[in-house]
Amino acid sequence: MHPTSDANQRIARISAHLQPSNFQMEESSGLSRENCRAKGGAPGFKVAILGAAGGIGQPLAMLMKMNPLVSVLHLYDVVNTPGVTSDISHMDTGAVVRGFLGQQQLEDALTGMDLVIIPAGVPRKPGMTRDDLFNINAGIVKTLCEGIAKCCPNAIVNLISNPVNSTVPIAAEVFKKAGTFDPKRLLGVTMLDVVRANTFVAEVLGLDPREVDVPVVGGHAGVTILPLLSQVKPPCSFTPEEIDYLTARIQNGGTEVVEAKAGAGSATLSMAYAAVKFADTCLRGLRGDAGVIQCAYVFSQVTELPFFASKVRLGRTGAEEIYPLGPLNEYERAGLEKAKKELASSIQKGISFIRK
Ligand SMILES: NC(=O)c1ccc[n+]([C@@H]2O[C@H](COP(=O)([O-])OP(=O)(O)OC[C@H]3O[C@@H](n4cnc5c(N)ncnc54)[C@H](O)[C@@H]3O)[C@@H](O)[C@H]2O)c1
Ligand SMILES: O=C(O)C[C@H](O)C(=O)O
């Protein structure tokens, strides 16, 4: 049996696309769209990851490829997206994966997206604070948000890049400048604090972490991370020693990982898990599911500060409702005052970076 000349031509076309020099970043399969038999995508949401080749970006891309709510997954980075895209595109899940490399492909990566997740930027090394990342990451976030304002101004944005307490105000200022700011659509990702809090509280109580829900409010750095242990579900009580231990461990969870990695970066795997958990919450909200509630760092009137993390209800247009903090005990009220002081200056630093 000899292949027909049509089949020969098709195989030749596919082989040509698989040569690295001819790699089509827009089509990760190596087969250009017009040569595929299946034309349409599955129903679902279009999601872009900016910083997709990084320590968080790669496992995040893999987990988003497994999410049945995602129909199209765009992977953007300034390095290494061809390899990551090729690799992930072989997973036999529904989402179509496309890779985009370098600034000149940013607009293509963003056009038409429903949700943009941003883990782009440098991570901490031992001895650094998240604020030490400001000088590099502020400019990265600014450029990426300018692209979002131009190409997908209605997308929900999940901002992971540190220092989150300042990068979210930076994003807001970029969107305001472009006339596209919708406070409901800009969400700083503080989910890892909640994930850690659930884990550490469950350890202390001897429970399954999946049964525990700890609200964590404020921001995402040191004392601005404020776990509300008086509001843990299921209802429980802690000794003063347990409260001190848990508060310190939750606030220093990031530093614990940075030190354990000893110069090789910060949390990536637990962060990818948390980012996917949070992105899934946003997508379920976009789909119109009822009662989708999670903590996030958002434009807020819960305190006198313009940005604050608290529980929000996610809906078709983003964070549609922001819940008040609820009753705080004396320990939490003192923590809130400390958190607000540090947050105020981090927020101002972000705003000034764009307004300067
Ligand atoms: N919000 C949180 O809870 C949380 C948790 C962990 C890490 N982080 C932060 O996430 C960020 C990324 O961490 P990581 O461990 O993945 O770092 P990483 O260095 O492993 O990956 C970052 C990726 O961003 C890419 N990048 C750099 N500049 C870019 C640009 N202009 N456009 C697109 N991509 C660009 C890099 O090429 C790299 O692939 C850090 O700022 C880190 O502090 C936040
Ligand atoms: O601690 C870091 O620098 C990364 C991240 O913010 C975290 O909480 O793990």
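In this text the structure is predicted, and so the values were computed from the model without any measurement.

1. Side note on the overall build of the chain
Thought 1: Within the chain one finds 11 helices and 11 strands.
Thought 2: Split into buried and exposed, the 356 residues of the chain put 51% on the buried side.
Thought 3: By sequence separation, contacts in the chain at least 24 residues apart represent 70% of the contacts at least 6 residues apart.
Thought 4: As displayed, the chain offers around 16,100 Å² of accessible surface, 55% of which is attributable to carbon and sulfur atoms.

2. Describing the UniProt feature "active site" (unreviewed entry) in the chain
Thought 1: Mapped onto the present numbering, the UniProt feature "active site" (unreviewed entry) falls at His 220.
Thought 2: Checked against the element boundaries, His 220 lands in the loop between strand E7 (216-218) and strand E8 (225-227).
Thought 3: Setting aside residues no more than four positions away along its own chain, His 220 makes contact with Arg 130, Asn 162, Val 164, Asn 165, Thr 190, Asp 193 and Ile 225.
Thought 4: In this structure the side chain of His 220 is engaged in a polar contact, spanning 3.4 Å, whose partner is the side chain of Arg 130.

3. Some remarks on unusual backbone geometry
Thought 1: Note that the residue after Asn 162, namely Pro 163, is joined by a cis bond; omega there is -5°.
Thought 2: Tracing the sequence through the fold places Pro 163 in the loop between strand E5 (156-159) and helix H6 (164-178).
Thought 3: With an omega of 0°, the peptide bond between Lys 233 and Pro 234 qualifies as cis.
Thought 4: Relative to the helices and strands, Pro 234 resides in the loop between E8 and helix H8 (240-251).
Thought 5: In this structure, Asn 80 is a non-glycine residue whose phi angle is positive, near 65°.
Thought 6: Positionally, Asn 80 belongs in the loop between strand E2 (70-77) and helix H3 (81-89).
Thought 7: Within the chain, Ala 262 stands out as a residue other than glycine whose phi angle is a positive 50°.
Thought 8: Secondary-structure assignment places Ala 262 in the loop between helix H9 (253-261) and helix H10 (269-287).

4. What about the UniProt feature "binding site: substrate" (unreviewed entry) in the chain?
Thought 1: With numbering aligned to this structure, UniProt lists the feature "binding site: substrate" (unreviewed entry) at Arg 124, Arg 130, Asn 162 and Arg 196.
Thought 2: Tracing the backbone shows Arg 130 in the loop between strand E4 (115-118) and helix H5 (134-151).
Thought 3: Aside from chain neighbours lying at most four places away, what touches Arg 130 is Arg 124, Asn 162, Pro 163, His 220, Ala 221, Gly 222, Ile 225 and Gly 254.
Thought 4: Inspection of the secondary structure assignment puts Arg 196 in helix H7 (residues 191-205).
Thought 5: Ignoring any residue separated from it by four or fewer positions in sequence, one finds Arg 196 in contact with Gly 253, Gly 254, Val 257 and Ala 267.

5. Some remarks on the nonpolar core
Thought 1: Leu 60, Met 64, Leu 187 and Leu 283 are the most contacted members of the largest nonpolar core, which has 59 residues in total.
Thought 2: Counting residues in hydrophobic clusters, the runner-up holds 48 residues, among them Ala 48, Ile 118, Ala 172 and Leu 226.

6. Structural notes on H10
An α-helical segment advances 3.6 residues per turn. Residues three or four places apart therefore align on the same side.
Thought 1: Helix length check: H10 (19 residues) gives 27 Å between terminal C-alpha atoms against 27 Å at 1.5 Å per residue, within 8%.
Thought 2: For H10, the full list of buried residues reads Met 271, Ala 272, Ala 274, Ala 275, Val 276, Phe 278, Ala 279, Thr 281, Cys 282, Leu 283, Gly 285 and Leu 286.
Thought 3: Phi turns positive one or two residues past the end of H10, at Gly 288, with a value near 100°.

7. Examining the environment of Ser 230
Thought 1: On the secondary structure map, Ser 230 appears in the loop between E8 and H8.
Thought 2: A relative accessible area of 40% places Ser 230 in the partly exposed class.
Thought 3: In the structure, Ser 230 is positioned 168 residues away from Met 62 in sequence and 36 Å away in space, judged by C-alpha atoms.
Thought 4: Those residues in contact with Ser 230, other than ones at most four positions away along the chain, are Pro 327, Asn 329 and Glu 332.
Thought 5: For Ser 230, the side chain forms a polar contact with the side chain of Glu 332, separated by 2.8 Å.

About the cut-offs
- Residues numbered from 1 in each chain as written.
- Chains lettered and ligands numbered in written order.
- Predicted model: local features only at pLDDT ≥ 70, side-chain atom pairs only at ≥ 80, totals over all residues.
- Heavy atoms only, no water.
- Helix = DSSP H or I, 4+ residues; strand = E, 2+ residues; numbered from the N terminus.
- Buried < 20%, exposed > 50% of the residue type's maximum accessible area, 1.4 Å probe, protein only.
- Contact = heavy atoms within 4.5 Å.
- Areas by Shrake-Rupley, 256 points an atom, 1.4 Å probe, with all protein chains shown as cover.
- UniProt positions renumbered as here; feature names shortened; annotations may be inferred.
- Polar contact = N/O pair within 3.5 Å; in protein donor to acceptor, adjacent residues only side chain to side chain.
- Core = buried A, V, L, I, M, F, W, Y, C linked by side-chain atoms within 4.5 Å.
- Expected span 1.5 Å × (residues − 1).

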